[in-house]
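As a plain string of letters, each chain reads:
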Amino acid sequence: MNLVWFRNDLRSSDHQGLAEACDNAQRRSGKVVGLYCFDPRHFDRDRYGFRRTEKYRAQFLLETLEDLQRQLAVINVPLLVYHDHPEVVIPDLVSSLAISDIYLQREWTRDERLVQNAVMSAEGMAQVKLHESDDQFLLHPDDLPFTPQELPRVFTAFRNACEQQWSVRAPVPRPTPMHAENWALATSPDFSMSLPSLEQLGLESFTADPRSAFPFNGGGAAAQRRIQHYFWETENLTRYKQTRDGLLGIDYSSKLSPWLANGSMSPRQVYWQIQEFERDVKANEDTYWLVFELLWRDFFKYVSLKHGDQIFRLGGILEKDYEWQRDPRELELWINGETEYDFVNANMREIAATGWMSNRGRQNVASYFARERQQDWRIGAAYFESLLLDYDVHSNYGNWMYNSGVGNDPRDRRFDIERQANLYDADKRYRQLWL
Ligand SMILES: Cc1cc2nc3c(=O)[nH]c(=O)nc-3n(C[C@H](O)[C@H](O)[C@H](O)COP(=O)(O)OP(=O)(O)OC[C@H]3O[C@@H](n4cnc5c(N)ncnc54)[C@H](O)[C@@H]3O)c2cc1C
């Protein structure tokens with residue numbers, strides 16, 4: 001029996017591990033089962049007192065898993081769901097289902113590594129074969145013009161090198177359906193397929209704020225509807241570079257990040273749809289710019305691959321020694337949106353009420369917290385980790401380091417927040433919405 005252990009790869013197409021698991025099982029008359037664990041540690045409080053996953057992302061995740069179960073049902077692959085630690089669940093399944101092979105997307109950050117090591121060192125796991133794949137990137141590590149260890153420090157050098165030797169793999173097709181017998185586990189009372197509720201995860205239910213700039217559901221179907229709207233129906237993609245610094249409404253940017261973060265859509269799937277759009281409708285600087293931003297996403301993944309746990313250290317990858325403070329009052333004012341800047345306050349109220357904040361907003365509130373108030377940037381990053389719908393460890397810690405002067409920015413950057421507010425919210429409509 002093959003097990004596909006889903007984590008941040010919650011889709012059935014363009015999924016190397018799932019495709020290989022099904023293919024190998026079909027050739028050997030074997031079976032395939034999927035697994036997702038709601039790891040209780042992901043909902044605990046972190047060392048600053050924030051819940052590691054707040055209700056907005058948890059709700060989005062539940063919707064994503066419902067959608068994934070539907071996708072997998074089409075190919076007769078049951079998705080087992082447990083609210084427990086993987087190192088408890090997986091060895092049990094290995095023994096009760098005689099699992100020989102586990103397929104999963106590679107993760108290398110600290111917590112993911114610890115959990116995976118705990119799973120693989122549990123009793124009865126020695127004979128199980130692990131198959132890891134790298135579907136989270138736009139540019140596969142084997143197709144880069146350098147090894148991840150040779151990654152340039154500055155994004156522009158990374159971008160220039162990649163653009164000269166450009167190769168994006170075609171998405172892996174969704175597997176052909178397994179034999180109907182493969183579905184049998186789904187009907188067995190011995191195995192759990194039911195999703196927990198928000199309350200069971202220790203979170204409160206909520207009504208979405210009608211002002212949200214991200215009023216969308218989780219799951220691949222919703223991601224595809226978003227592309228349909230943003231690319232094909234409105235052709236907003238042809239204006240992307242001009243509008244991407246916006247703050248208000250659903251259409252100033254693609255809003256694809258939450259689906260990309262949990263893998264309900266892959267960057268390759270987005271890329272190949274941009275290519276189709278460019279061929280059939282229009283290609284301009286704006287359409288290319290969405291690819292450019294996907295490269296930033298890759299860049300931060302490669303930064304964390306190269307630098308490992310250093311992305312979580314106060315000095316960042318530059319090992320800079322600034323004077324950092326940890327003032328609980330400063331933190332409270334920032335979180336509650338009660339600082340001296342109404343622009344910072346509006347953005348902080350938006351994230352607290354919805355789990356969303358624009359890129360322009362994120363840069364400003366991070367710069368305020370880390371550079372202007374000189375607060376330990378990792379506390380700000382942890383707050384974002386708790387609340388963001390699109391939390392992704394690499395992009396979050398990479399961008400926080402960058403904006404705090406300890407990351408990949410060659411300039412010592414600090415935002416002039418009044419100026420930013422006047423530039424991007426001249427008529428104050430954004431601030432009026434949230435304050
Ligand atoms: C302090 C800070 C923290 C951040 N934390 C996260 C995070 O946890 N998860 C996350 O996905 N993004 C993070 N970002 C990056 C960026 O703000 C979001 O990706 C973007 O706002 C998402 O909106 P969008 O999908 O409409 O982006 P678009 O502008 O439409 O861009 C398309 C895609 O490109 C990628 N992208 C765009 N900008 C960046 C960037 N600066 N870094 C990495 N990828 C980028 C995203 O996948 C995005 O979905 C952070 C930025 C800052 C300044």
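About the criteria used
- Residues numbered from 1 in each chain as written.
- Predicted model: local features only at pLDDT ≥ 70, side-chain atom pairs only at ≥ 80, totals over all residues.
- Heavy atoms only, no water.
- UniProt positions renumbered as here; feature names shortened; annotations may be inferred.
- Helix = DSSP H or I, 4+ residues; strand = E, 2+ residues; numbered from the N terminus.
- Buried < 20%, exposed > 50% of the residue type's maximum accessible area, 1.4 Å probe, protein only.
- Contact = heavy atoms within 4.5 Å.
- Areas by Shrake-Rupley, 256 points an atom, 1.4 Å probe, with all protein chains shown as cover.
- Lys, Arg positive; Asp, Glu negative; His and termini not counted.
- Charge placed at Lys NZ, Arg CZ, Asp CG, Glu CD.
- Pairing = 2+ DSSP bridges.
- Axes fitted to C-alpha atoms, helices over the stretch in contact; angles between N-to-C directions.
- Disulfide = S-S within 2.5 Å.
- Left-handed = near helix turned anticlockwise from the far one by under 90°.
- Nonpolar A, V, L, I, M, F, W, Y, C, P; charged D, E, K, R; others polar.
- Phe/Tyr/Trp six-rings, centres within 6.5 Å; stacked < 30°, edge-to-face > 60°.

Under an unreviewed UniProt entry, the name given to the chain is Cryptochrome DASH, and the organism recorded is Microbulbifer hydrolyticus. According to the UniProt record, the Function (unreviewed entry) comment for the chain reads "May have a photoreceptor function." In its Sequence similarities (unreviewed entry) section, UniProt records this for the chain: "Belongs to the DNA photolyase class-1 family."

1. Examining the overall build of the chain
Check the secondary structure of the chain and you find 17 helices and five strands. Counting all 435 residues of the chain, 57% fall into the buried class. Looking at the chain alone, contacts between residues at least 24 apart form 80% of all its contacts between residues at least 6 apart. A total of about 18,300 Å² of accessible surface is found on the chain, and carbon and sulfur atoms cover 46% of it. Positive and negative side-chain charges in the chain, numbering 51 and 64 respectively, have mean positions lying 3 Å apart.

2. Details of the sheet that holds strand β4 (residues 101-105)
Taken together, the five strands give an open sheet; going across it, the order is β3-β2-β1-β4-β5, and neighbouring strands pair in parallel fashion. Edge positions in the sheet fall to β3 (79-82) and β5 (129-133), since each of these pairs with one other strand and no more. Across the sheet, the mean angle from the axis of one strand to that of its neighbour is 25°, orientation sign disregarded. Note that strand β2 (residues 32-37) and β3 share four bridges and pair parallel. Bridging from a neighbouring strand, Cys37 pairs with Tyr82 of β3. Those strands touched by helix α1 (residues 16-27) are β1 (2-5), β2, β4 and β5, and its axis lies near 170° from that of β1.

3. Details of the state of the cysteines
Within this structure, the stated rule accounts for zero disulfides. The structure places no disulfide on Cys22, whose sulfur is separated from the nearest cysteine sulfur, that of Cys37, by 19 Å. On the accessibility criterion, Cys22 (1% relative accessible area) is buried.

4. Considering the UniProt feature "domain: Photolyase/cryptochrome alpha/beta" (unreviewed entry) in the chain
In this numbering, the UniProt entry assigns the feature "domain: Photolyase/cryptochrome alpha/beta" (unreviewed entry) to residues 1-136. From the first C-alpha to the last, residues 1-136 spans 25 Å; its make-up is 40% helix and 18% strand.

5. Concerning the packing of helix α11 (residues 328-336) against helix α14 (residues 377-387)
The N-to-C vectors of α11 and α14 enclose an angle of 35°; their axes lie 12 Å apart at closest approach. Where α11 crosses over α14, the two elements pack in a sense that is right-handed. On α14, the residues touching Leu331, Trp334 and Ile335 of α11 are Ile379, Gly380, Tyr383 and Phe384. Among the residues making up the contact of α11 with α14, the classes are represented as six nonpolar, one polar and no charged.

6. Section: the packing of aromatic side chains
The geometry of an aromatic ring pair is captured by two quantities: the separation of the ring centres and the angle between the planes. Tallied over the entire structure, the rule returns 41 aromatic pairs. Between Phe60 and Phe214 the ring centres are 5.8 Å apart and the planes differ by 65°, which places this aromatic pair in the edge-to-face class. With Phe60 in helix α2 (residues 55-74) and Phe214 in the loop between α5 (155-164) and α6 (220-233), this residue pair connects regions lying 154 residues apart in the sequence. Phe214 sits in the buried class, given a relative accessible area of 5%. Their ring planes at 55° and their centres at 6.4 Å tell us that Tyr230 and Phe231 sit as a pair that is tilted. Each member of the pair, Tyr230 as well as Phe231, carries the same accessibility label: buried. Among the aromatic side chains, those forming a connected cluster through ring pairs are Trp108, Phe137, Phe146, Phe155, Phe158, Trp289, Phe292, Trp296, Phe299, Phe300, Tyr302 and Tyr402.

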